[in-house]
Amino acid sequence: MFFRGPIRSMNYARFLTAVSAARRPSPIRILTELQQRSPPSLISLAGGAPNPNTFPFQSATIKVKGGEALVLDEPLMKRALQYSGSYGIPELLSWMKDLQKSLHNPPTAGFSPERGQMEMCVTTGSQEGLCKIFEMLVSSGDNVLLDAPTYSGTLAALQPLGCNLINVPSDHHGMIPADLRKILGQWDPAEAQKPGSSIPRVLYTIPNGGNPTGASMTHERKQEVYELARKYDFLIIEDDPYYFLQFQKPWAPTFLSMDVDGRVLRTDSFSKILSSGLRIGFVTGPKPLVERVVLHIQASTMHTSTFTQLMVSQLLHNWGPGGFLKHIDGVIDFYRSQRNSMLSSADKWLKDVAEWHPPMAGMFLWIKLKGIKDTQQLIMERALEKEVLLVPGGVFNINSSDPCPYVRAAFSLSTPQQIDEAFRRLADLIKEAM
Ligand code: PMP
């Protein structure tokens, strides 16, 4: 990867909100981490943990489709039911660090800690990671860059912080770098490091199979955005829960893979590939920032459920990296086939009344209805009468009351027959409204 200009020395303190900068390590949590890494001969009178012998659960055997059962015998079950360290359990964390290195080969993996060496933590779904990253980096009045329409969960986390969301235009290949350049042109990059500068310090984007647009950003666009991040010294939050649902190989290089400075915070999720209810996500990024996220975890959830972490870690170790990627291939085959069914039904029913671009990842089709200014009323009031439900596009806009002619259709749960019937009903609805 080639980037012009010298390697910047990142001043991470400059990115922190007052709330995040004020966080201090919990002494009790530090002891828990220490205990986790100590030999079994250690006698600890330190922790305030309950005695798992008093818990009603003894062991668990979990059947795995087409594979070896997961056995949580009594000692393992005791661990599963106990408090654990705030970074995540070591075996899951190290497995995921290895995967992250093999998939993205992040330059930061070889940095020194001060230079923002790659670090990771487990979060309760990537949503927890995002909320904590935003609280760490975004203060009231800050300018934040993002490409809307975007994930409503991101808007729900960012908007209460009182920041000014700057919408960078995007198309079906994601954020448009020329527009980002134009927006940033109002500032002098030399001002970026000055206290009180209004230059955005954070850019948020969903690079693959965007929710709701299904858009995936090209490698060239990512490189241009990264170049701008270097020039104006902002951080990139790469929220990539659909990374593993890319329909074509090779998978697109990520922002993390090009991070020569240590300015990318990446959120990954197992929700779409292993289970959404287990709530397992990951934050990967420069150590000084991931450490701050972990301080917040210490003060809130303390850690992601030990039980679910152990269950997932056992599964991953039984499978090995090859088995994991083989499982992902099966999941991708399913979603690709669902996507294809949805596209055929869209061709069959919606050709004259709507427009769309085939998504290359994820689980959503973003459909523009012709001759309809705003889909809110149509969906909320009339669609139910026709017994078809989609999400009106406006909910993904920064200002949800702005008129929006789009709807989001998910191809994850319905059968091809249901999708076909839903689009027949939608076509009727649009024709009546036109
Ligand atoms: N980011 C995006 C773009 C999403 O679509 C979602 C889930 N819908 C999340 C984050 C949160 O996912 P989870 O917390 O289940 O990992």
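Per an unreviewed UniProt entry, the chain goes by Kynurenine/alpha-aminoadipate aminotransferase, mitochondrial and derives from Carassius auratus. Per UniProt, the chain has the following entry under Cofactor (unreviewed entry): "pyridoxal 5'-phosphate".

A.B. asks: Please explain the pairing of strand β11 (residues 281-286) as it appears in this structure.
C.D. replies: Working note: regular strand, side chains alternate between the two faces of the sheet. Where burial is concerned, most of β11 is hidden: six out of the six residues are buried. Sheet analysis places strand β3 (residues 118-123) next to β11, joined by six bridges and oriented antiparallel. Across the sheet, M118 pairs through a bridge with P286, a residue of β11.

A.B. asks: Honestly, the nonpolar core in this entry has me stumped. Any pointers?
C.D. replies: Buried together is how nonpolar side chains tend to be arranged in soluble globular proteins. In this structure, L137, F270, F324, L350, I367 and F423 are the most contacted members of the largest nonpolar core, which totals 96 residues. No other element matches the 13 residues that helix α10 (residues 306-349) contributes to this core. Both domain 1 (87-304) and domain 2 (329-432) contribute no fewer than three residues apiece to this core. When sequence neighbours within four positions are dropped, the list of residues in contact with L137 reads F15, T17, D142, R201, V202, L235, I237, L265 and L289. Formed by 24 residues, the second largest nonpolar core is a distinct cluster that contains I166, V225, F255 and V260.

A.B. asks: Quick question: what am I supposed to make of the packing of helix α5 (residues 125-137) against helix α9 (residues 287-299) here?
C.D. replies: Each pair of packed helices can be summarised by the angle the axes make with each other and by the distance between the axes. In contact at an axis separation of 10 Å, α5 and α9 are set at 110° when each is read in the N-to-C sense. What the angle tells us is that α5 and α9 run roughly perpendicular. Mapping the contact onto sequence places E128, K132, I133, E135, M136 and L137 in α5 and L289, R292, V293, H296 and I297 in α9. Classifying every residue of the contact of α5 with α9 gives six nonpolar, one polar and four charged.

A.B. asks: What's the story with helix α12 (residues 416-433) in this structure? I'm lost.
C.D. replies: The periodicity of an α-helix, 3.6 residues per turn, causes residues three or four places apart in sequence to face the same way. Taking 1.5 Å per residue as the helical rise, α12 with its 18 residues ought to reach 26 Å, and the 26 Å between its terminal C-alpha atoms agrees with that figure. Regarding α12, the residues found buried are I419, D420, F423, L426, A427, L429 and I430.

A.B. asks: What's the story with the site of the ligand in this structure? I'm lost.
C.D. replies: Within the structure, the ligand sits among 14 residues, and S126, D239, Y242, S269 and S271 are positioned closest to it. A distance of 3.2 Å separates a nitrogen atom of the ligand from a polar side-chain atom of K272. Note that an oxygen atom of the ligand is positioned 2.8 Å from one of the side-chain N or O atoms of R279. Burial of the ligand by the protein amounts to 91% of the accessible area it has alone, namely 400 Å². Tallying contributions element by element places α5 first for the shell around the ligand, with four residues.

A.B. asks: Explain the sheet that holds strand β15 (residues 406-410) to me, please; I cannot follow it from the model alone.
C.D. replies: Hydrogen bonds along the backbone pair up the strands of a sheet, which may run parallel or antiparallel. Spatially, the four strands line up as an open sheet ordered β12-β13-β15-β14, and their pairing is antiparallel. The open sheet has two free edges, formed respectively by β12 (354-355) and β14 (391-392), since each of these has just one partner strand. Bridge analysis of β12 against strand β13 (residues 364-369) gives two bridges, and the strand direction is antiparallel. Counted as the bridge partner of A354 is L369 from β13.

A.B. asks: When you look at the pattern of salt bridges in this model, what are you seeing that I'm missing?
C.D. replies: For the structure on display, the rule yields 25 salt bridges. The closest approach of N and O atoms between D142 and R201, which form a salt bridge, is 2.6 Å. With D142 in the loop between α5 and β4 (143-146) and R201 in the loop between α7 (177-184) and β8 (202-205), this pair connects stretches of sequence that are 59 residues apart. Here D142 and R201 have matching classes, each one buried. Between D233 and R263 there is a salt bridge, and its shortest N-O distance comes to 3.1 Å. Taken together, the residues span a long stretch of sequence, with D233 in the loop between α8 (219-232) and β9 (235-239) and R263 in the loop between β9 and β10 (264-269) at a distance of 30 residues. Both residues of the pair, D233 and R263, count as buried. If you follow the salt bridges from partner to partner, you end up with R14, R230, D233, D261 and R263 in one network.

A.B. asks: It is not clear to me how the UniProt feature "domain: Aminotransferase class I/classII large" (unreviewed entry) in the chain should be interpreted in this structure. Could you clarify?
C.D. replies: The UniProt entry lists residues 117-426 under the feature "domain: Aminotransferase class I/classII large" (unreviewed entry), expressed in the numbering used here. Across residues 117-426 one finds 38% helix and 17% strand; the C-alpha atoms that close the span lie 50 Å apart.

A.B. asks: Which parts of the structure should I look at to understand the pairing of β8?
C.D. replies: Where burial is concerned, the two faces of β8 agree: the one with V202 and Y204 and the one with L203 and T205 are both buried. Sheet topology note: the β4/β8 ladder contains three bridges and is parallel. Looking at β8, one finds that V144 is bridged to V202. With α8 bridging β8 and its parallel neighbour β9, the resulting β-α-β unit is right-handed.

So, how was this worked out
- Residues numbered from 1 in each chain as written.
- Predicted model: local features only at pLDDT ≥ 70, side-chain atom pairs only at ≥ 80, totals over all residues.
- Heavy atoms only, no water.
- UniProt positions renumbered as here; feature names shortened; annotations may be inferred.
- Buried < 20%, exposed > 50% of the residue type's maximum accessible area, 1.4 Å probe, protein only.
- Helix = DSSP H or I, 4+ residues; strand = E, 2+ residues; numbered from the N terminus.
- Pairing = 2+ DSSP bridges.
- Core = buried A, V, L, I, M, F, W, Y, C linked by side-chain atoms within 4.5 Å.
- Domains from an automatic or database assignment.
- Contact = heavy atoms within 4.5 Å.
- Axes fitted to C-alpha atoms, helices over the stretch in contact; angles between N-to-C directions.
- Parallel < 35°, antiparallel > 145°, perpendicular 65-115°, else oblique.
- Nonpolar A, V, L, I, M, F, W, Y, C, P; charged D, E, K, R; others polar.
- Expected span 1.5 Å × (residues − 1).
- Near = heavy atom within 4 Å.
- Polar contact = N/O pair within 3.5 Å; in protein donor to acceptor, adjacent residues only side chain to side chain.
- Areas by Shrake-Rupley, 256 points an atom, 1.4 Å probe, with all protein chains shown as cover.
- Salt bridge = Lys/Arg side-chain N within 4 Å of Asp/Glu carboxyl O.
- Right-handed = clockwise from strand over helix to strand, strands pointing away.

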